[in-house]
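# Architecture and fold: a report
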Amino acid sequence: EPEVTQTPSHQVTQMGQEVILRCVPISNHLYFYWYRQILGQKVEFLVSFYNNEISEKSEIFDDQFSVERPDGSNFTLKIRSTKLEDSAMYFCASSCPAHISLSCYEQFFGPGTRLTVL
Amino acid sequence: DQQVKQNSPSLSVQEGRISILNCDYTNSMFDYFLWYKKYPAEGPTFLISISSIKDKNEDGRFTVFLNKSAKHLSLHIVPSQPGDSAVYFCAASPLSNSGYALNFGKGTSLLVTP
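Here goes a summary of the coordinates provided. Quantities reported herein were computed from a predicted structural model and do not represent experimental measurements. (Residues numbered from 1 in each chain as written. Chains lettered and ligands numbered in written order. Predicted model: local features only at pLDDT ≥ 70, side-chain atom pairs only at ≥ 80, totals over all residues. Heavy atoms only, no water.)

## Here's the deal with the overall build of chain B
Along chain B, the regular secondary structure elements total zero helices and 11 strands. For chain B, the N- to C-terminal ordering of α and β elements is β-β-β-β-β-β-β-β-β-β-β. Its C-alpha radius of gyration of 14 Å places chain B within 12% of the 13 Å reference for a compact globule of 114 residues. In terms of overall dimensions, chain B has a C-alpha envelope of 45 × 30 × 20 Å along the principal axes. For chain B, the proportion of its 114 residues judged to be buried stands at 48%. Summed over its atoms, the accessible surface of chain B is roughly 5300 Å², and 49% of this surface lies on carbon and sulfur atoms. Here chain B contributes 10 positive and 9 negative side-chain charges, whose respective centroids are spaced 3 Å apart. (Helix = DSSP H or I, 4+ residues; strand = E, 2+ residues; numbered from the N terminus. Rg over C-alpha atoms; globule rule 2.2 N^0.38 Å. Buried < 20%, exposed > 50% of the residue type's maximum accessible area, 1.4 Å probe, protein only. Areas by Shrake-Rupley, 256 points an atom, 1.4 Å probe, with all protein chains shown as cover. Lys, Arg positive; Asp, Glu negative; His and termini not counted. Charge placed at Lys NZ, Arg CZ, Asp CG, Glu CD.)

Shown next as structure tokens:
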């Protein structure tokens, strides 16, 4: 069964450093997402991406964040200058097999990257 | 700003019995609702969904009920099995949402005991 994969599983970085989190969405999906979950809190939406553009973003997704689909398979989240409060589990998800609409909400999540900012 | 609330952080149920997980929402624009299950060290896994034009959707042992006037939904698991022990998240979104962003609750940790 196809699945979303994410690398690395755990990333430790110093405050102020740039990090890039990587994801390979399910191959026939059209929408890609990033969510995060700070320890003890709910899963929060960051951004959705369709047709090489951001389709929606939350207030959390400020200028420090960017997303990219550098090739036909990878989807990345870059945090330009990490802060302590960026420490969280970051989940990539994908949805929307071509030409099916309601299933776009039924998002498939990767296992997550645990980001620790020191 | 908790638009989706799961007021029970945990629930313990005996194997074979019914598990009922509850979720309330405040945003009247929400019209598509989903339940996800999450094991430790894994991402959320989609379980079942319901749109606001329905009040019930069933898939095997899992049934989701929606009461739109009360802004309440529930997930029933019958019969509960030890493998169902996980954290369950309720999520919601408006159908008019261009980016399909999901709003999640904080989750309910379900423990099914033998």
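Text resumes after the structure shown.
## With respect to the interface of chain A and chain B
Of the residues lining the interface, 20 residues belong to chain A; the matching set on chain B comes to 25 residues. It is Lys42, Tyr105 and Glu106 of chain A in chain A that bury the most area against chain B; as a group they hold 36% of the surface buried on that side. At the boundary of chain A with chain B, the tally comes to zero salt bridges. At the junction of chain A and chain B, the tally comes to six residue pairs in polar contact (both at pLDDT 80 or more). Listed by contribution, the elements that provide at least two residues to the side of chain A that touches chain B are strand E4 (29-37), strand E5 (43-50) and strand E6 (53-57) of chain A. Tallying contributions element by element places E4 of chain A first for the side of chain A that touches chain B, with four residues. (Contact = heavy atoms within 4.5 Å. Buried area = accessible area lost by both parts, 1.4 Å probe. Salt bridge = Lys/Arg side-chain N within 4 Å of Asp/Glu carboxyl O. Polar contact = N/O pair within 3.5 Å; in protein donor to acceptor, adjacent residues only side chain to side chain.)

## A short note on the packing of aromatic side chains
By convention here, two paired aromatic rings are described through the distance between centres and the angle between planes. Under the definition given, this model contains 21 aromatic pairs over all chains. Aromatic pair tyrosine 35 of chain A and phenylalanine 104 of chain B: ring centres 5.8 Å apart, planes at 90°, arrangement edge-to-face. Note that tyrosine 35 of chain A is positioned in strand E4 and phenylalanine 104 of chain B in strand E10 (residues 103-104), a pairing that runs across two chains. Residue tyrosine 35 of chain A shares its accessibility class with phenylalanine 104 of chain B, and that shared class is buried. Here the aromatic rings of phenylalanine 49 of chain A and phenylalanine 75 of chain A are separated by 5.2 Å at their centres, their planes lie at 40°, and the arrangement is tilted. Here phenylalanine 49 of chain A is found in strand E5, whereas its partner phenylalanine 75 of chain A is found in strand E8 (residues 75-79), with 26 residues between them in sequence. Residue class for phenylalanine 49 of chain A comes out buried when judged on its relative accessible area of 5%. (Phe/Tyr/Trp six-rings, centres within 6.5 Å; stacked < 30°, edge-to-face > 60°.)

## Details of the sheet that holds strand E6 (residues 56-59) of chain B
The strand order across the open sheet built from five strands is E1-E3-E8-E7-E6 (chain B), with neighbouring strands paired in antiparallel fashion. At either margin of the open sheet sits one strand with a lone partner, and together these are strand E1 (4-5) and E6 of chain B. (Pairing = 2+ DSSP bridges.)

## Concerning the side chain of aspartate 31 of chain B
Topologically, aspartate 31 of chain B is positioned in the loop between strand E3 (19-25) and strand E4 (32-38). Residues within four places of aspartate 31 of chain B in sequence aside, it is in contact with Ile50, Ser51, Ser52, Ser93, Pro94 and Leu95 of chain B.

## Concerning the nonpolar core
Formed by 23 residues in total, the largest nonpolar core has its most connected members in Phe33, Trp35, Leu73, Leu75 and Tyr88 of chain B. At the level of secondary structure, the elements contributing two or more residues to this core comprise E3, E4, strand E5 (45-51), strand E7 (62-67), strand E8 (72-77), strand E9 (86-93) and strand E11 (108-113) of chain B. Setting aside its immediate chain neighbours within four residues, leucine 75 of chain B contacts Ser19, Ile20, Leu21, Trp35, Leu47, Ile48, Phe62, Thr63 and Tyr88 of chain B. Core analysis: the next-biggest nonpolar cluster, separate from the first, contains 22 residues, Leu21, Ile26, Ile38 and Ile79 of chain A among them. (Core = buried A, V, L, I, M, F, W, Y, C linked by side-chain atoms within 4.5 Å.)

## What about the sheet that holds strand E7 (residues 65-68) of chain A?
In a beta sheet, neighbouring strands pair by backbone hydrogen bonds and run either parallel or antiparallel. Residue and element names in this part refer to chain A. With antiparallel pairing, four strands are arranged side by side in an open sheet as E1-E3-E8-E7. The sheet is open, and its two edges are formed by strand E1 (5-7) and E7, each paired on a single side. Adjacent strand axes in the sheet meet at a mean angle of 20° when their direction is disregarded. Summarising the sheet, E1 and strand E3 (residues 19-24) pair through three bridges and their orientation is antiparallel. For glutamine 6, the partnering residue across the bridge sits in E3 and is cysteine 23. (Axes fitted to C-alpha atoms, helices over the stretch in contact; angles between N-to-C directions.)

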